[in-house]
Amino acid sequence: MESRRSPLKSAVPSNVVSPVRRCSRTACGRPAVATLTYVYADSTAVLGPLATYAEPHCYDLCAEHSERLTAPRGWEVVRLTDGSAPARPSGDDLEALANAVREAARPQRTAEAGGQGGRRSADPMEVARRGHLRVLRSPDS
């Protein structure tokens, strides 16, 4: 009995096989963004950028599953960051930014208005000051 299929046609439709690597978690079809590797000797789970090649002992994870990753009790999770990814601001960065905004919004006291000479002497070219910024008089005037 002859086969009805031509030898050039695939038994698997081409839309099932995708060049994009998918998350290894069951029933998750999202694209993978990170690779998880277990180091059993050190009881460590290493989560890093998506590996160049799919390895049988590594697990590719989507963004959601890589964010929620937890390790077994007694294990440590090491998260390696990709240098090309934008870094999230730390608490120190946000606090420094808030302090700079507060300082810029604070009204500046001038030495002439308060009559206090203890503050720094005014630059004759300086017209106004706001925080760390200065407005300078034009050299023509």
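Above this text is the structure in question.
An account of the accompanying structure is given in this report. (Residues numbered from 1 in each chain as written. Predicted model: local features only at pLDDT ≥ 70, side-chain atom pairs only at ≥ 80, totals over all residues. Heavy atoms only, no water.)

A few words on the overall build of the protein chain. Along its length, the protein chain carries 3 helices and 6 strands. Mapped in sequence order, the helices and strands of the protein chain form the string β-β-β-α-β-α-α-β-β. Here the protein chain, with 141 residues, has 13% of them falling under the buried criterion. Residue pairs at least 24 apart in sequence account for 45% of intrachain contacts in the protein chain once pairs closer than 6 positions are excluded. Counting only carbon and sulfur atoms, one obtains 55% of the accessible surface of the protein chain, whose full area is about 12000 Å². (Helix = DSSP H or I, 4+ residues; strand = E, 2+ residues; numbered from the N terminus. Buried < 20%, exposed > 50% of the residue type's maximum accessible area, 1.4 Å probe, protein only. Contact = heavy atoms within 4.5 Å. Areas by Shrake-Rupley, 256 points an atom, 1.4 Å probe, with all protein chains shown as cover.)

Moving on: the nonpolar core. One finds Cys23, Cys28, Ala34, Leu36, Ala45, Leu47, Leu61, Cys62 and Leu69 forming the largest nonpolar core, which totals 9 residues. Broken down by secondary-structure element, the contributors of at least two residues to this core are β1 (34-39) and β2 (44-49). If we ignore the near neighbours within four places in the chain, the residues touching Ala45 are Leu36, Thr37, Tyr38, Trp75, Glu76, Val77 and Val78. (Core = buried A, V, L, I, M, F, W, Y, C linked by side-chain atoms within 4.5 Å.)

Position of Ser66 among the secondary structure elements: in helix α1 (residues 63-67). What Ser66 contacts, discounting residues up to four positions off in sequence, is Val33, Ala34, Leu47, Leu61 and Arg79.

Where strand β5 (residues 126-130) and strand β6 (residues 133-136) come together, 4 bridges link them in antiparallel fashion. Opposite Glu126, over in β6, you have Leu136 as the bridge partner. Between the end of β5 and the start of β6, which pair antiparallel, lie 2 residues, with Gly131 showing a positive phi angle near 65°. (Pairing = 2+ DSSP bridges.)

Note that every value here comes from positions in space, so none of it alone points to a role or purpose.
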